[in-house]
There are 4 protein chains.
Amino acid sequence: MSFSFGTNIRMTVFGGSHTAGIGCVLDGIPAGTAIDLDEVRRFMARRAPGGSATSTARSEADEFELLSGIQDGHATGGAIAAVIRNTNTRSQDYSGYLETPRPGHSDLAAILKYGEYHDIRGGGHFSGRLTAPLCFAGGLCLQLLQARGVKFAAHILSLGGVTDKPFDPLAPSDADAILTNALPVILPEAAAKMTEKILAAKADGDSLGGVIECAVTGLPAGVGEPMYDSVESVIAHAVFSVPAVKGLEFGAGFAAAGMRGSENNDSLFFDENGKLGAKTNNAGGILGGITTGMPVIFRAAVKPTPSVAVPQETVNMKTNTNTQITVGGRHDPSILPRAVPAITAAAAVAIADLMAAGRFL
Amino acid sequence: MSFSFGTNIRMTVFGGSHTAGIGCVLDGIPAGTAIDLDEVRRFMARRAPGGSATSTARSEADEFELLSGIQDGHATGGAIAAVIRNTNTRSQDYSGYLETPRPGHSDLAAILKYGEYHDIRGGGHFSGRLTAPLCFAGGLCLQLLQARGVKFAAHILSLGGVTDKPFDPLAPSDADAILTNALPVILPEAAAKMTEKILAAKADGDSLGGVIECAVTGLPAGVGEPMYDSVESVIAHAVFSVPAVKGLEFGAGFAAAGMRGSENNDSLFFDENGKLGAKTNNAGGILGGITTGMPVIFRAAVKPTPSVAVPQETVNMKTNTNTQITVGGRHDPSILPRAVPAITAAAAVAIADLMAAGRFL
Amino acid sequence: MSFSFGTNIRMTVFGGSHTAGIGCVLDGIPAGTAIDLDEVRRFMARRAPGGSATSTARSEADEFELLSGIQDGHATGGAIAAVIRNTNTRSQDYSGYLETPRPGHSDLAAILKYGEYHDIRGGGHFSGRLTAPLCFAGGLCLQLLQARGVKFAAHILSLGGVTDKPFDPLAPSDADAILTNALPVILPEAAAKMTEKILAAKADGDSLGGVIECAVTGLPAGVGEPMYDSVESVIAHAVFSVPAVKGLEFGAGFAAAGMRGSENNDSLFFDENGKLGAKTNNAGGILGGITTGMPVIFRAAVKPTPSVAVPQETVNMKTNTNTQITVGGRHDPSILPRAVPAITAAAAVAIADLMAAGRFL
Amino acid sequence: MSFSFGTNIRMTVFGGSHTAGIGCVLDGIPAGTAIDLDEVRRFMARRAPGGSATSTARSEADEFELLSGIQDGHATGGAIAAVIRNTNTRSQDYSGYLETPRPGHSDLAAILKYGEYHDIRGGGHFSGRLTAPLCFAGGLCLQLLQARGVKFAAHILSLGGVTDKPFDPLAPSDADAILTNALPVILPEAAAKMTEKILAAKADGDSLGGVIECAVTGLPAGVGEPMYDSVESVIAHAVFSVPAVKGLEFGAGFAAAGMRGSENNDSLFFDENGKLGAKTNNAGGILGGITTGMPVIFRAAVKPTPSVAVPQETVNMKTNTNTQITVGGRHDPSILPRAVPAITAAAAVAIADLMAAGRFL
């Protein structure tokens, strides 16, 4: 526990990096929802490894087999299930990591929790590979939401000291630009510089973290529940489940902590067309835990991939001695490009679940 | 929905700022757990309003009446319930806010969600007053955890440009100092300066946000579940439910996003006594979503109180016109001092629930 | 755990027979739902003790105090909470039952689960008194459902060898008759005979069980979820939580087990007005776990009150010896009359929760 | 929703009768639990179709492919997932049933719930075939529980007027005999007579219902939670999810409703070895919703298979006219033999979840 998330729309994922398969069961998609599986595939392709020089050398298409729940392009009301085969699992011996955990990796925690039973191959069920079934679920929820006018966009806001153009918090309209660039960023020049930084880190056998910004537009007002199912709470629950996420902020976030109330409060107005607007969006579209109709904006801090090919200090848990380790294998020098769809997917499932709870679906 | 949080230990809160009472039902505390209600009262007193010049003029003791679940100083295995009366509810007319929502406040979202049925008096169930029953639950969980060696400490890390001494991430041992100062900060001089800043904002009819840092020590390794019930996910779910929290980070958090992997990874070692240690704690005591045995450290960004006595632009939802508002009433110039126990309580309930799930309780 | 039931509409109860209070928190009632609290009181009065010679001598009005969630006769969207004081708690010493559990009572199980920490006074949180907050929640849900045309009726179908007229499974229309009689039965002569049987058992210091039949009409088709949230599953979960219920059947129930398929299947037809009907209702209005639009009919077997004033064999758990016990105190010779509203309430909460899940609310 | 069951041990099933596959995800099995997959296969074989003249002609081995969660014969702590292919799905046209629902079948309810989107092939996700993944989960839980001394036995207690020997409620010790007979019954002569009855019904194109009795021994005292997670509630929730179950009773059940308290109460005693015993087990091993350590005994009423080859009255939902139908296809003349493992599985998952909640696992 717990490989499930959600109440009225519930996603259950399974598998590990080197098990026979990984997959997802998505329950609660209303019968009759139109689903374009090719669109899901395109979304998942953005997460799949091996797309470029900036990602891991492990190349897998992440091709899923649909097992149930969709018929003639529509959800049937049954659980939607899909399996993705693990085909490109190297025969490398991971068992040493049960003795000498890789710093920054889940190894240490997993050994202390599961002991010798931990499936450490490729990180087992802690592997970032588990974001593939998350993206399957997210891809379906994105379509469900899109049909109701709710759209998501996300980009790498910063990486290796390079900063992309932030979203306009009142009108985040750069989704098309993001999809055009090789990296999911708005500005081509930022994409180019980030690529340089990633390749430089790769050349050093090292890795880079970064910040991802996500915007959700078209959300009706009133989504979210008071107290313990606030929009922030539920998105945070989902997004912090994406491996490597260590921070999250909504709207002005940590910057709001440095403001005065008169400065942070978003002034309201009706525009000339009688449409409710706000002069700023420090609230990130959420007040009292409930959406206001303004864009929901959040930023997630993603730590650098822990698997780096430089010598690191660690311990041997069997001999109780100190030792060094240099992690081999095929790893992403920066997980950021692939984390963009994963974080989008997590948010999409969270919001779909909240909209179902609030009878918006 | 949803006024409940937790699975194996479940807290349910109820009430609004001006209803007859507010309260809490806490289910799942193991029978036989020793509970010192006076200790709970002392913890709740740290949250209660009216303690000083830096807080709201509304003065209520937050005195609770225990209704069930504790007998002769021990949990019986039944649900623990308590009610707190709302005694000091001014007869002020809040109904105007149903027409002209206060910027930055829950008013707008609540009106759009509930319409005329929203109990807007004092913010209704969105009021920060709902953190009183949260602190009741948290106070009980703190005792449950303390008996197993798990301790919490929290302080205001920054406010109005003043920064307190951060916790030593490997040995956050300043809990006593925090409790000594008038404000929950480590350094007396920082407390004094923050007080000045709060009083200055108060004099201007304005308010201040800030950052709260919390440390949890003594946690066993292995707490937390992979994927969707990671320690980060569950703490985040609870902490983002505390009104005004807009950001959260664990360990190095957003700073980790700027590091290389070789820098961010925490090196492991056995010390001379054979005790497992780490040279840094950028992970905030959590790897793969699971505790490692290192201190869990997080920081929450708290926005400034939205109720400020300066003129603000807003709208009249009834006449569909733009207007101005100046919010009166008794409000905290900074909610930070009172948010410290609230955030501690949220984290304590979250961790207690995770420990129950992992059979640590 | 677990004093909560429900997902989208969640009831949480608390308290024990002799704690300061018992009560209920009901979360998820849509904002704007009209609530007549006097109607709730009338419903709860049907459960309250001391109404007649056939019930316990403990007399309490079950008067609740509303703490939150309803304003000007409408739900606000906040959690609805109420507390009922325990006023008529005799000073009798119950502690002996911690040593010599009463046969058929929860004592034995509670001692083995909680040890000395069990609050055994009046049965603690296992007391039938906890059906008072259940009836509070049920009374609210009945109003919520009534506004959508869904009605409940329940009666004692059999008691002490006396059988009431069963509901017409296709048109259970005897609700008014049930409310007219002193006991909740359809036929006055059955009511009279059952009263005799109860008084005779009372005179013997003994008690009687019986069967309660409940009908729900006006339910739309499509309520309930496949597999694990079937209508039968969710009603059963709730109804088996009412103390003393030991059996439950839907439609033809156990009789269906003795039929052939051709006999048990309900033939369908359109009547002259084009309305879909069935010639029988062996399915109890539920096929595949989902409502069909026919009345939902179920019957619950209620065991006789275990507290009887005749000598019984039991054990002394402290001395590990066999002994006898004669249970004193004020007890119902038959809980059946008071179980009728309790079972109705349980079913009402279950169906309200299912209707919320299915977006019927 | 909802294809999931359980809180601390959670089973999620997916698929429909004619989808590419059906399967199960089981989350919460403790890392290190020894699992013999061949033993799971043997258990599932008892449910698989086509074993004999008394079952459906559809023959499928129900062979599952393990996708994740078990490594070297032990649970890893990850989610355990398996898929079963649907290989023997006849190309028969089911679409007519969207117009003319089969009486007693899920068709009517499913059409009214899902409209044209219902996957009606073979009953879609309402098919009894979904008990295959249930049996996968149950087979795993049986091993988990067996390792703690908890054992399950179940048999057909009655079918077509033939009654098997009931379990001795104090010592249900006939598990071996049940497994020996062709049908899961204790007495060979009852098995023979039931077989005759089934074949006679089959010859008539008709079907038979029956009653299944299940006993759980070796359960520790204290399992189950007060009120809404009583053992009866949770088992009932699971067992009523098995298609065709329309009634359930624990211990004396409906017979208890006809008893006096002095008769129904189970007298307690210490035997000569100091072991706590009861003279009867009318409580079915459960008091106050909690296990007492006595065997848990329950009986489930299973309705006859609705698919019968005799003409039945039904409606055409498209033309709004009355019509007749004769259901073809391959169907079980009695589902009882195959329902025995399904009901056992449901109870095993329910009890495993309750034991996890109570920290018995």
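As a reminder, the structure under discussion sits directly above these lines.
A. Broad picture of the overall build of chain A. Scanning chain A from terminus to terminus reveals 8 helices and 18 strands. A compact globule built from 361 residues should have a C-alpha radius of gyration of about 21 Å, and chain A, at 21 Å, falls within 12% of that. Taking the principal axes of the C-alpha coordinates as reference, chain A spans close to 70 × 50 × 40 Å. Looking at chain A as a whole, 66% of its 361 residues are labelled buried. Restricting the contact set of chain A to residue pairs at least 6 apart, pairs at least 24 apart contribute 69%. With the model as given, the accessible surface of chain A reaches about 10900 Å², and the carbon-plus-sulfur share is 50%. With 28 positive and 34 negative side-chain charges, chain A shows a spacing of 3 Å between the two charge centroids.

B. Molecular detail of the packing of helix H6 (residues 231–239) of chain A against helix H8 (residues 336–357) of chain A. Residues and elements named next belong to chain A. Where H6 meets H8, the closest approach of the two axes is 8 Å, and the angle between their N-to-C directions is 140°. Taken together, the axis directions place H6 and H8 in an arrangement best described as oblique. Relative to H8, H6 is oriented so that their crossing is right-handed. The residues of H8 that touch H6, namely those facing Val231, Val234, Ile235, Ala238 and Val239, are Ile343, Ala346, Ala347, Ala350, Ile351 and Leu354. Residue composition of the contact of H6 with H8, grouped by class: 11 nonpolar, no polar and no charged.

C. Region of the structure containing the interface of chain D and chain C. In this complex, chain D contributes 95 residues to the contact, which on the side of chain C involves 95 residues. With both sides pooled, the region where chain D packs onto chain C buries about 7600 Å², and carbon together with sulfur makes up 62% of that total. On the chain D side of the interface with chain C, the three residues burying the most area are Tyr228, Lys246 and Phe270 of chain D, jointly 12% of the side's total. The salt bridge partner of Lys246 of chain D is Glu232 of chain C, with a shortest N-O separation of 2.9 Å. Taken together, the links from chain D to chain C amount to 50 residue pairs in polar contact (both at pLDDT 80 or more). Among the residues making up the side of chain D that touches chain C, the classes are represented as 48 nonpolar, 33 polar and 14 charged.

D. Representation of the sheet that holds strand S4 (residues 64–68) of chain B in the model. All names here are of chain B. Strands sit in the order S1-S2-S3-S7-S4 across an open sheet of 5 strands; the sheet is antiparallel. In this open sheet, the two edge strands, each paired with only one partner strand, are strand S1 (4–5) and S4. Bridging between S4 and strand S7 (residues 80–85) involves 4 bridges; their strand directions are antiparallel. Across the sheet, Phe64 pairs through a bridge with Ile84, a residue of S7. Contacting strand S2 (10–14), strand S3 (21–27), S4 and S7, helix H3 (residues 131–146) runs over the sheet at an angle of about 30° to S3.

E. Representation of the sheet that holds strand S11 (residues 245–250) of chain A within the structure. Strand order across the open sheet formed by 10 strands is S9(A)-S8(A)-S10(A)-S16(A)-S11(A)-S11(B)-S16(B)-S10(B)-S8(B)-S9(B), with antiparallel pairing between neighbours. What marks the edges here is a single partner per strand, and that holds for strand S9 (162–163) of chain A together with strand S9 (162–163) of chain B. Bridge analysis of S11 of chain A against strand S11 (residues 245–250) of chain B gives 3 bridges, and the strand direction is antiparallel. Its bridge partner being in S11 of chain B, Gly247 of chain A is matched across the sheet by Glu249 of chain B.

F. Spotlight on unusual backbone geometry. In this structure, Arg359 of chain A is a non-glycine residue whose phi angle is positive, near 60°. Relative to the elements of secondary structure, Arg359 of chain A occurs in the segment after H8. Taking the relative accessible area as the measure of exposure, Arg359 of chain A reaches 27% and is therefore partly exposed. At Asn320 of chain D, a position not held by glycine, the phi torsion is positive, near 55°. Turning to its location among the elements, Asn320 of chain D is positioned in the loop between strand S17 (312–316) and strand S18 (321–325).

G. Up close: the interface of chain D and chain A. With 39 residues of chain D at the contact, the number on the chain A side is 39 residues. Linking chain D with chain A are 2 salt bridges, by the criterion used here. Here Glu65 of chain A makes a salt bridge to Arg85 of chain D, at a shortest N to O gap of 2.6 Å. Joining chain D to chain A, the criterion identifies 18 residue pairs in polar contact (both at pLDDT 80 or more). Listing elements by their share of the side of chain D that touches chain A, those giving two or more residues are strand S2 (10–14), strand S3 (21–27), strand S4 (64–68), strand S6 (74–75) and strand S7 (80–85) of chain D. Across the side of chain D that touches chain A, the residue classes tally to 15 nonpolar, 18 polar and 6 charged.

H. Up close: the relation of the copies chain D and chain C. Each copy of the sequence occupies a distinct position, and chain D is placed on chain C by a rotation of 180° and an axial shift of 0.0 Å, giving an RMSD of 0.0 Å. Taken together, these values place the two copies in the relation of a two-fold axis. Of the interface residues in chain D, 100% have counterparts in chain C that sit at the interface too, so the contact is made through matching surfaces.

I. Structural detail: the relation of the copies chain D and chain A. At an RMSD of 0.0 Å, chain D and chain A line up after a rotation of 180° and a shift of 0.0 Å along the axis. Both copies contact each other with a shared surface, as 100% of the interface residues of chain D are interface residues in chain A too.

J. Molecular detail of the packing of aromatic side chains. Tallied over the entire structure, the rule returns 26 aromatic pairs over all chains. For the pair Phe254 of chain C and Phe254 of chain D, a centre-to-centre distance of 5.8 Å together with 70° between the ring planes defines the contact as edge-to-face. Here Phe254 of chain C is found in the loop between strand S11 (245–250) and helix H7 (261–264), whereas its partner Phe254 of chain D is found in the loop between strand S11 (245–250) and helix H7 (261–264) on a different chain. Through a chain of ring-to-ring contacts, three or more aromatic side chains come together here, namely Phe240 of chain A together with Phe250 and Phe298 of chain B. A cation over a ring is seen here: Arg102 of chain A above Tyr97 of chain A, with NZ or CZ 4.0 Å from the ring centre.

K. Examining the environment of Asn181 of chain A more closely. Residues and elements named next belong to chain A. Relative to the helices and strands, Asn181 is located in the loop between helix H4 (175–180) and helix H5 (188–203). Sequence separation of Asn181 and Ala191 is 10 residues, and the distance between their C-alpha atoms is 6.9 Å. Among the polar contacts made by the side chain of Asn181, one reaches the main-chain carbonyl oxygen of Ile186 at a distance of 3.2 Å.

L. Geometry of the environment of Ala221 of chain C. Within the secondary structure, Ala221 of chain C is located in the loop between strand S10 (210–217) and helix H6 (231–239). Distance in space between the C-alpha atoms of Ala221 of chain C and Asn316 of chain C is 54 Å, their sequence separation being 95 residues. Apart from the residues within four sequence positions on either side, Ala221 of chain C is in contact with Thr291, Thr292, Gly293 and Phe360 of chain C together with Leu112 of chain D.

M. Structural view of H5 of chain A. If you check H5 of chain A, its first and last C-alpha atoms are 23 Å apart, about what 16 residues at 1.5 Å a residue would give, namely 22 Å. Backbone geometry just after H5 of chain A places Gly205 of chain A at a positive phi near 70°.

N. Structural detail: the pairing of S11 of chain C. All names here are of chain C. Counting buried positions along S11 gives 6 out of 6 residues, so the element sits mostly inside the fold. Inspection of the sheet shows S11 paired to strand S16 (residues 296–302) by 5 bridges, in the antiparallel sense. Its bridge partner being in S16, Val245 is matched across the sheet by Val302.

O. Structural detail: the side chain of Ser127 of chain A. Residue and element names in this part refer to chain A. The topology assignment puts Ser127 in the loop between helix H2 (107–114) and helix H3 (131–146). The class of Ser127 is buried, set by a relative accessible area of 10%. Looking at Ser127, its side chain comes within polar contact range of the main-chain nitrogen of Arg129, at 2.9 Å.

P. Examining the pairing of strand S17 (residues 312–316) of chain A more closely. All names here are of chain A. S17 sits mainly inside the fold: 4 of its 5 residues count as buried. Across 5 bridges, S17 lies against strand S18 (residues 321–325) in antiparallel orientation. Note on S18: the bridge partner recorded for Gln312 is Ile325. Linking S17 to S18, which pair antiparallel, is a turn of 4 residues; within it Asn320 sits at a positive phi near 55°.

Q. Structural context of the pattern of salt bridges. All chains considered together, the criterion is met by 68 salt bridges over all chains. Salt-bridge contacts for Arg260 of chain A lead to Asp204 of chain B; the nearest nitrogen and oxygen are separated by 2.8 Å. In this pair, Arg260 of chain A is assigned in the loop between S11 and helix H7 (261–264) and Asp204 of chain B in the loop between helix H5 (188–203) and strand S10 (210–217), connecting two distinct chains. One salt bridge connects Lys318 of chain C with Glu99 of chain C, and the closest N-O pair in it is separated by 3.7 Å. Within this pair, whereas Lys318 of chain C is found in the loop between strand S17 (312–316) and strand S18 (321–325), its partner Glu99 of chain C is found in the loop between strand S7 (80–85) and helix H2 (107–114), the two being separated by 219 residues in sequence.

Procedures and definitions
- Residues numbered from 1 in each chain as written.
- Chains lettered and ligands numbered in written order.
- Predicted model: local features only at pLDDT ≥ 70, side-chain atom pairs only at ≥ 80, totals over all residues.
- Heavy atoms only, no water.
- Helix = DSSP H or I, 4+ residues; strand = E, 2+ residues; numbered from the N terminus.
- Rg over C-alpha atoms; globule rule 2.2 N^0.38 Å.
- Buried < 20%, exposed > 50% of the residue type's maximum accessible area, 1.4 Å probe, protein only.
- Contact = heavy atoms within 4.5 Å.
- Areas by Shrake-Rupley, 256 points an atom, 1.4 Å probe, with all protein chains shown as cover.
- Lys, Arg positive; Asp, Glu negative; His and termini not counted.
- Charge placed at Lys NZ, Arg CZ, Asp CG, Glu CD.
- Axes fitted to C-alpha atoms, helices over the stretch in contact; angles between N-to-C directions.
- Parallel < 35°, antiparallel > 145°, perpendicular 65-115°, else oblique.
- Left-handed = near helix turned anticlockwise from the far one by under 90°.
- Nonpolar A, V, L, I, M, F, W, Y, C, P; charged D, E, K, R; others polar.
- Buried area = accessible area lost by both parts, 1.4 Å probe.
- Salt bridge = Lys/Arg side-chain N within 4 Å of Asp/Glu carboxyl O.
- Polar contact = N/O pair within 3.5 Å; in protein donor to acceptor, adjacent residues only side chain to side chain.
- Pairing = 2+ DSSP bridges.
- Least-squares fit on C-alpha atoms with pLDDT ≥ 70 in both.
- Phe/Tyr/Trp six-rings, centres within 6.5 Å; stacked < 30°, edge-to-face > 60°.
- Lys NZ or Arg CZ within 6 Å of the ring centre and 35° of its normal.
- Expected span 1.5 Å × (residues − 1).

Geometric values such as these leave the question of function open.
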